[in-house]
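Geometric and topological summary
Next come the chains, spelled out residue by residue.
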Amino acid sequence: MNKISIIGAGMTGATTAHWLAEREFADIVLVDVVEGMPQGKALDMLEAMPIIGKDAEIVGSNDYAATKGSDIIVITAGIARKPGMSRDDLLKTNAGIVGTAATETLKYSPDAIFIVLTNPLDTMAYLTMKMTGLPRERVIGQAGILDSARMRAFVALETGVSVENINCYVLGGHGDEMVPLTRHSNIAGVPLREYIPADKLDAIVARTRKGGGEIVNLLKTGSAYYAPAAACAQMAEAILKDKNLIVPCAAYMNGEYGLNDMYFGVPVMLGRTGMKKIIEYKLDEDEKATFDKSAAAVKETHEALKNVVEF
Ligand SMILES: NC(=O)c1ccc[n+]([C@@H]2O[C@H](COP(=O)([O-])OP(=O)(O)OC[C@H]3O[C@@H](n4cnc5c(N)ncnc54)[C@H](O)[C@@H]3O)[C@@H](O)[C@H]2O)c1
């Protein structure tokens, strides 16, 4: 059985374990600093397995040693956004948590592929790659599947069409400057712009951009976790089953889209070696301008990181 370790057994980490257990392709380890909590959640989930008829081992621990020999390490430890708090406010605290989680788990799983969720996402993925010294193929950030799923859900609500027929591509940084590509998005092959009136489409794009904040404001404490965790489980499955699935993820840019030395949301191919390749869309001038604006915002956070962490 494959082994996936999740660092941070909070709402997103535990829900990722839940979605993963349902898919039955890996044993799961939950690690958290809170004593007893990962053990309790893991045991509770393990006791659900006979009911849903899935054979997956799930254990909880406060010790990184439990992650030994993992195929995938998911990092979702950190502080979640609170109402009115920007993702960038989280930078300093989460950099310390993520840096330690990445370097400690690598000692026990030198061949693992890292999926990073902790915010600010693009910068935490960048930090993980820099601190572990791993090649870019093995450090991938989760953002674009979630942002695209939000847009797909809103399009489904507007049109009444099955979510399965709706393809949306949201690229760029995981922030308010993200780039929903309406020209490339479609319903069963029909371009979104032909299917939905312009004003309605504009509203969907705006709601997508604020999708994370909408949930933060409703919940009052904490941020979204069902959809982010489902996105993470899809990434892990694509990697371990070597599916060559093309989905938007945060990847290290090495000249693609004219960007360098930064993580950014782009379509990537996920398979057993991790991020196998980056797919480059041909962007028109407007799209390129939005892309560049988003990239500038991410770069700014990367630069801010360099003031709080040495690597
Ligand atoms: N990329 C995305 O799409 C996405 C989506 C959801 C959440 N997130 C981010 O993921 C992070 C977690 O969110 P959440 O909703 O699960 O929060 P949460 O507060 O429910 O869980 C975070 C957990 O991390 C644990 N933790 C803190 N320091 C740790 C350490 N050093 N080692 C191990 N565990 C530690 C906490 O005890 C807590 O249980 C946040 O940064 C959030 O912004 C990102």
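Here the structure is a predicted model, which means the values were calculated and not measured.

1. Some points on the nonpolar core
Counting 53 residues, the largest nonpolar core has I4, I115, F264, V266 and L270 as its most contacted members. Looking at this core, the element that brings in the most residues is helix 9 (residues 226-240), giving eight residues. The contact partners of I4, leaving out residues within four places of it in the chain, are L20, F25, A26, D27, I28, V29, I72, V74, A236 and L240. Core analysis: the second largest hydrophobic core is formed by 29 residues, V31, I73, L305 and V309 among them.

2. Section: the sheet that holds strand 10 (residues 186-187)
If you walk across this open sheet you meet the three strands as 7-10-11, and the pairing is antiparallel. Looking at the sheet topology across the chains shown, the edges are occupied by strand 7 (166-167) and strand 11 (190-191). Pairing of strand 7 with strand 10 involves two bridges; the strand directions are antiparallel. When the bridges of strand 10 are listed, N167 appears paired with N186.

3. Here we look at helix 5 (residues 144-159)
Since the α-helix turns once every 3.6 residues, residues separated by three or four places project in the same direction. With 16 residues, helix 5 extends 22 Å from end C-alpha to end C-alpha; this agrees with the ideal 22 Å at 1.5 Å per step. Every buried residue belonging to helix 5 is among G144, I145, L146, D147, S148, R150, M151, F154, V155 and A156, and all of these are buried. With its phi angle positive at about 80 degrees, G160 sits one or two positions after the end of helix 5.

4. Comments concerning the state of the cysteines
Across all of its chains, the model carries zero disulfides by this definition. Cysteine C168 is unpaired, with the sulfur of C249 as its nearest cysteine sulfur at 16 Å. Of all cysteine sulfurs in the structure, the one in C232 sits closest to C249, which takes part in no disulfide; the separation is 9.8 Å.

5. Comments concerning the site of the ligand
Around the ligand, the structure places 26 residues, and the nearest of them are M11, T12, D32, L117 and Q142. Residue M11 places a main-chain N or O atom 2.8 Å away from an oxygen atom belonging to the ligand. Residue N94 places a side-chain N or O atom 3.5 Å away from an oxygen atom belonging to the ligand. Protein coverage of the free-state accessible area of the ligand, which is 860 Å², stands at 86%. Elements that contribute at least two residues to the shell around the ligand include exactly helix 1 (11-23) and helix 3 (91-108). When its residues are assigned to classes, the shell around the ligand shows 15 nonpolar, 10 polar and one charged.

Basis of the calculations
Residues numbered from 1 in each chain as written. Predicted model: local features only at pLDDT ≥ 70, side-chain atom pairs only at ≥ 80, totals over all residues. Heavy atoms only, no water. Core = buried A, V, L, I, M, F, W, Y, C linked by side-chain atoms within 4.5 Å. Buried < 20%, exposed > 50% of the residue type's maximum accessible area, 1.4 Å probe, protein only. Helix = DSSP H or I, 4+ residues; strand = E, 2+ residues; numbered from the N terminus. Contact = heavy atoms within 4.5 Å. Pairing = 2+ DSSP bridges. Expected span 1.5 Å × (residues − 1). Disulfide = S-S within 2.5 Å. Near = heavy atom within 4 Å. Polar contact = N/O pair within 3.5 Å; in protein donor to acceptor, adjacent residues only side chain to side chain. Areas by Shrake-Rupley, 256 points an atom, 1.4 Å probe, with all protein chains shown as cover. Nonpolar A, V, L, I, M, F, W, Y, C, P; charged D, E, K, R; others polar.

These figures come from the coordinates and say nothing about function on their own.
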